[in-house]
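Below are the chains, spelled out letter by letter.
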Amino acid sequence: MSDFFEKEYDESTQLKLAIFQGYIKEWISVFLTQSKSFNYKQINIFDFFSGSGTDVKGNPGSPIIIVKELKKYCQSRSDFKIKQANIQLFFNDKNSEYIKRLIKALHEIKCGKSCCNFNFSSKLFQDILPEYLPYIHNANSANLIILDQFGVSDVTPETVEMLSTCSATDIIFFISSSFIKRFNETPELSGFFNFQHGEIKEIEYKSIHRFICSYFRKKINKQDYYLSPFSIKKGSNIYGLIFGSSNLYGLEKFLKVCWKIDKATGEANYNIDDDFSWENQSIFEELNIISKLEVFKTNLLLFIQKNQPDNNNVYRFCLSAGFLPKHVREIIKPLRDKNEIIVKNLLSEDKVRLNAYYLSYRDFNEKAKIKYILNKKSEKECSQ
């Protein structure tokens with residue numbers, strides 16, 4: 001799409017970039033703050049489809065956003081690991097003219113300090129990725145990889161699976177899910193996406209990006225690797241971002257950004273489940289239901305009923321379902337108040353104070369403290 005940067009970014013592109021920016025800001029705050037959990041000597045950010053840096057109106061693309069967020073953080077925080085970390089920024093685009101324009105644009109905005117090292121290249125993605133894999137595989141490095149491809153063919157399940165083996169590596173990639181639905185049987189796509197016969201045709205159109213994310217998840221097939229989608233509708237087309245990480249804290253940070261944008265489901269810029277209350281509130285309480293939340297509540301209670309899970313397992317369960325710890329607290333608190341859910345100390349079996357949930361990444365990094373129990377009355381209601 002050679003004229004993309006010669007136009008003004010449309011609303012869907014601006015939204016995609018807002019999600020990039022939100023996560024980049026969160027990611028920087030984790031890896032450039034003194035921390036025992038995230039103490040890496042090298043910090044790498046890769047933007048493999050960087051473009052020219054701005055649209056025709058000067059609106060910033062991902063490379064400008066990255067540099068501005070780094071600059072902002074460096075100037076505002078005293079705990080910036082400027083002396084301890086080697087920060088490498090890698091910008092690539094197969095269009096060499098875009099890279100020339102990007103170099104000029106970044107030169108005008110970067111700060112005068114020498115903490116960030118800039119690397120530019122103009123190669124095809126399939127050629128440049130193998131060159132950078134040694135950097136990404138380095139156990140002493142933390143990596144953020146942005147794959148804002150045009151189309152669908154560059155970022156395949158095999159690519160994501162390979163990157164999933166890299167430690168401390170978060171990825172965000174863009175993919176045109178509705179395009180895959182329409183043209184999945186063509187020779188160009190069938191080699192990349194091997195769906196079961198007729199499988200994708202049965203998927204509701206609004207949910208196509210969810211399905212594509214699930215397809216990637218099945219192909220990778222790792223319990224300790226997490227993928228999460230955000231669907232973006234533009235006209236009749238549905239695109240989307242997929243976030244991937246082996247770290248639950250990274251997943252929580254991404255979900256936090258998504259829930260700020262879509263306060264109903266944390267998943268889309270449109271009413272993905274046809275909920276009346278996605279944009280409206282009714283005087284009839286039965287209409288003020290977010291179906292995704294109702295399904296999560298049912299599944300959470302069943303999970304507690306069957307497993308009496310500890311706080312670490314509940315933390316993993318909610319994030320894997322696309323929800324935040326605050327949603328668990330909102331569900332469990334009224335049930336605790338009515339003694340329908342009991343929260344006990346794992347060692348003493350004593351009840352825990354009402355506001356204690358221990359659902360944070362800090363708690364997750366420690367030994368589990370409490371367990372959640374559904375009492376007998378609620379178990380009967382849950383099974384009905």
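For the structure, see preceding data.
Now for a description of the structure that goes with this document.

What counts and how
Residues numbered from 1 in each chain as written. Predicted model: local features only at pLDDT ≥ 70, side-chain atom pairs only at ≥ 80, totals over all residues. Heavy atoms only, no water. Phe/Tyr/Trp six-rings, centres within 6.5 Å; stacked < 30°, edge-to-face > 60°. Helix = DSSP H or I, 4+ residues; strand = E, 2+ residues; numbered from the N terminus. Buried < 20%, exposed > 50% of the residue type's maximum accessible area, 1.4 Å probe, protein only. Lys NZ or Arg CZ within 6 Å of the ring centre and 35° of its normal. Pairing = 2+ DSSP bridges. Expected span 1.5 Å × (residues − 1). Bend = angle between axes of the 7 residues up to and from the residue. Contact = heavy atoms within 4.5 Å. Axes fitted to C-alpha atoms, helices over the stretch in contact; angles between N-to-C directions. Parallel < 35°, antiparallel > 145°, perpendicular 65-115°, else oblique. Left-handed = near helix turned anticlockwise from the far one by under 90°. Nonpolar A, V, L, I, M, F, W, Y, C, P; charged D, E, K, R; others polar.

1. Observations concerning the packing of aromatic side chains
Then, number 1: Inspection of every chain in the model, using the stated rule, returns 26 aromatic pairs.
Then, number 2: Ring geometry for tryptophan 259 against phenylalanine 323: centres 5.5 Å apart, planes inclined by 40°, an arrangement best described as tilted. Within this pair, whereas tryptophan 259 is found in helix 9 (residues 248–261), its partner phenylalanine 323 is found in the loop between helix 11 (311–320) and helix 12 (325–337), the two being separated by 64 residues in sequence.
Then, number 3: In this structure tryptophan 259 comes out as buried when scored by relative accessible area, which is 7%.
Then, number 4: Residue classification places phenylalanine 323 among the buried positions, given a relative accessible area of 2%.
Then, number 5: An aromatic cluster is built from Phe46, Phe48, Phe49, Phe90, Phe125, Tyr132 and Tyr135, whose rings are joined through pairwise contacts.
Then, number 6: Taking NZ or CZ as reference, lysine 110 lies 5.1 Å from the ring centre of phenylalanine 118, over its face.
Then, number 7: Across from the ring centre of tyrosine 270, 5.9 Å away, lies the NZ or CZ of lysine 233, which sits over that ring.

2. Some details on the pairing of strand 7 (residues 237–245)
Then, number 1: Burial within strand 7 is extensive, with 8 of its 9 residues counted as buried.
Then, number 2: Relative to strand 7, strand 5 (residues 169–175) runs antiparallel, the two sharing 5 bridges. Bridging across to strand 7, isoleucine 172 finds its partner in phenylalanine 243.
Then, number 3: Examined bridge by bridge, strand 6 (residues 226–234) and strand 7 share 9 bridges and lie antiparallel to one another. The residue of strand 7 that forms the bridge with leucine 227 is glycine 244.
Then, number 4: Here strand 6 folds back onto strand 7 in antiparallel fashion, the turn holding 2 residues, of which glycine 235 has a positive phi close to 65°.

3. Section: helix 4 (residues 125–137)
Then, number 1: Its 13 residues place the ends of helix 4 17 Å apart at the C-alpha level, agreeing with the 18 Å of an ideal helix rising 1.5 Å per residue.
Then, number 2: At glutamate 131, helix 4 shows its strongest bend, of approximately 40°, with the proline proline 134 following within four residues.
Then, number 3: All of the buried residues in helix 4 are Phe125, Ile128, Leu129, Tyr132, Leu133 and Ile136.
Then, number 4: Those residues of helix 4 that are buried are in contact with strand 1 (42–47), strand 2 (86–92), strand 3 (116–121), strand 4 (141–147), helix 5 (157–164) and strand 5.

4. A short note on the pairing of strand 1
Then, number 1: Most of strand 1 sits out of view: 6 of its 6 residues are buried.
Then, number 2: Burial along strand 1 is two-sided: the face carrying Gln42, Asn44 and Phe46 and the face carrying Ile43, Ile45 and Asp47 are both buried.
Then, number 3: Pairing analysis gives 6 bridges linking strand 1 to strand 2, with the strands arranged parallel. Paired with isoleucine 43 across the strands is isoleucine 87, a residue of strand 2.
Then, number 4: Strand direction decides the pairing type here: strand 1 and strand 4, joined by 6 bridges, are parallel. In the strand pairing of strand 4, aspartate 47 is matched with isoleucine 146.

5. Notes on the side chain of asparagine 44
Then, number 1: In this structure, asparagine 44 sits in strand 1.
Then, number 2: Excluding anything up to four places from it in sequence, asparagine 44 contacts Trp27, Gln88, Phe90, Tyr135, Ser141, Ala142, Asn143 and Leu144.

6. Here's the deal with the packing of helix 5 against helix 8 (residues 208–220)
Then, number 1: Running from N to C, helix 5 and helix 8 point in directions that differ by 55°, and their axes come no closer than 9 Å. Taken together, helix 5 and helix 8 sit at an angle that is classed as oblique. Along this stretch, helix 5 crosses helix 8, giving a crossing that reads as right-handed. Residues Pro157, Val160, Glu161 and Ser164 of helix 5 pack against Tyr215, Phe216, Lys219 and Ile220 of helix 8.
Then, number 2: In the contact of helix 5 with helix 8, the residues fall into 5 nonpolar, 1 polar and 2 charged.

7. Details of the sheet that holds strand 3
Then, number 1: Here 7 strands make up an open sheet; going across it, the order is 3-2-1-4-5-7-6 and the pairing mixed. Every other strand in the sheet has two partners, leaving strand 3 and strand 6 as the edge strands with one partner each. Pairs of neighbouring strands in the sheet enclose a mean axial angle of 10°, with direction left out of account.
Then, number 2: Bridge analysis of strand 2 against strand 3 gives 6 bridges, and the strand direction is parallel. Residue pairing for strand 3: phenylalanine 90 is matched across the bridge by asparagine 119.
Then, number 3: Contacting strand 5, strand 6 and strand 7, helix 9 crosses the sheet at an angle of about 20° to strand 6.

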